[in-house]
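Observations on chain architecture
The lines below spell out each chain.
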Amino acid sequence: MFKLIVLFSFLIFSIEAKGKCDISGLWKHSAKPATLFVDLSKAEISVHSHDNNSKVIGLVVLKNLEVNRASSTWAAKMYSAAEDSFVSVQISSASCNQLIVSFNGEEVLRLLR
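On a predicted model such as this, the values are computed, not experimentally measured, just so you know.

1. Focus: the sheet that holds strand 8 (residues 106–112)
With respect to topology, eight strands assemble into a closed barrel ordered 1-2-3-4-5-6-7-8, the strand pairing being antiparallel. Geometrically, the sheet is characterised by an average inter-axis angle of 35° between neighbouring strands, direction not taken into account. Relative to strand 3 (residues 44–50), strand 2 (residues 34–39) runs antiparallel, the two sharing six bridges. Counted as the bridge partner of Val38 is Ile45 from strand 3.

Printed below as a string of structure tokens:
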């Protein structure tokens, strides 16, 4: 009976895990020749490569990533040159192959797998 319960629990967990996107790893910037790295263990997104500006490699673009499991969205802080500070942004995923970063309801960054 115990083995059956463990097997059933494992199957339920596997089904739930497949239904959600894992956003960790490399993402392509949609408008620039750059690749960003999502590191969930550090709760940040940094520049992995940039063909036009190698000086920005390693720069943290978004920090303090927090998931909202109920809506499959994330909250984060992103540096704004206009504000000269980090501002609150929202990250949504239209699919497992696309992330959209919004500030005050306006898209400011799109990442693609």
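2. Some words on unusual backbone geometry
Phi is positive for Asn64, close to 60°, though the residue is something other than glycine. Among the secondary structure elements, Asn64 is positioned in strand 4 (residues 60–68). Here the phi dihedral of Asn104 falls at roughly 55°; this positive angle occurs in a residue that is not glycine. Among the structural elements, Asn104 can be located in the loop between strand 7 (98–103) and strand 8. Asn104 gets classed as exposed once you look at its relative accessible area, which sits at 67%.

3. Notes on the side chain of Gln98
Here Gln98 shows up in strand 7. A relative accessible area of 18% places Gln98 in the buried class. Not counting chain neighbours up to four residues away, the residues in contact with Gln98 comprise Trp27, Ser92, Ser93, Arg110, Leu111 and Leu112.

4. A closer look at the state of the cysteines
Among covalent bonds in proteins, the disulfide is the one between the sulfur atoms of two cysteines. This structure, assessed with the given rule, holds one disulfide. The disulfide partner of Cys21 is Cys96, and the gap between their sulfur atoms is 1.8 Å. Between Cys21 and Cys96, the S-S torsion sits near -75°, and that sign places the bridge as left-handed. Taken as a pair, Cys21 in the loop between helix 1 (2–18) and strand 1 (25–29) and Cys96 in the loop between strand 6 (85–95) and strand 7 lie far apart in primary sequence, 75 residues in all. Residue classification places Cys21 among the partly exposed residues on the basis of a relative accessible area of 29%.

5. Quick notes on the pattern of salt bridges
Counting across every chain of the model gives one salt bridge. Close ionic contact of Glu107 with Arg110 constitutes a salt bridge, the shortest N to O distance being 2.6 Å. For Glu107, a relative accessible area of 38% puts it in the partly exposed group.

6. Here we look at the packing of aromatic side chains
On inspection of all chains with the given rule, the structure shows one aromatic pair. For the ring pair Tyr79 and Phe86, a centre distance of 5.7 Å and an interplane angle of 70° mean the geometry is edge-to-face. Of the residues examined, Tyr79 reaches a relative accessible area of 42% and is grouped as partly exposed. One residue, Lys63, lies across the ring of Phe86, its end atom 3.9 Å from the ring centre.

Quick notes on the rules
Just so you know, the residues in each chain are numbered from 1, in the order the chain's sequence is written. pLDDT decides what is reported in this predicted model: residues at 70 or higher carry local features, side-chain atom pairs at 80 or more are listed and counted, and totals for whole chains, interfaces and linings draw on all residues regardless. Water and hydrogen atoms were dropped before computing side-chain values, which therefore reflect all heavy atoms in the structure. The rule for pairing is simple: two strands pair if DSSP sees at least two bridges between them. Strands here mean DSSP runs of E at least two residues long; helices mean DSSP runs of H or I at least four residues long; both are numbered from the N terminus. To obtain an axis, a line is fitted to C-alpha atoms, over the contacting stretch when the element is a helix, and the angle between two such axes runs from 0 to 180 degrees between their N-to-C directions. Each residue's exposure class comes from its accessible area (1.4 Å probe, protein chains only) as a fraction of the maximum for that residue type: buried when under 20%, exposed when over 50%, partly exposed otherwise. Whether two residues are in contact is decided by their heavy atoms, any of which lying within 4.5 Å being enough. Sulfur atoms of two cysteines make up a disulfide when they are within 2.5 Å. Every case where a carboxyl oxygen of Asp or Glu lies within 4 Å of a side-chain nitrogen of Lys or Arg is listed as a salt bridge. Note on ring pairs: Phe, Tyr and Trp rings are taken, using the six-membered ring of Trp, and paired if centres are within 6.5 Å. Classes follow the plane angle, with under 30 degrees stacked, over 60 edge-to-face and the rest tilted. Should the NZ of a Lys or the CZ of an Arg lie within 6 Å of a ring centre and within 35 degrees of the ring normal, that charge is described as sitting over the ring.

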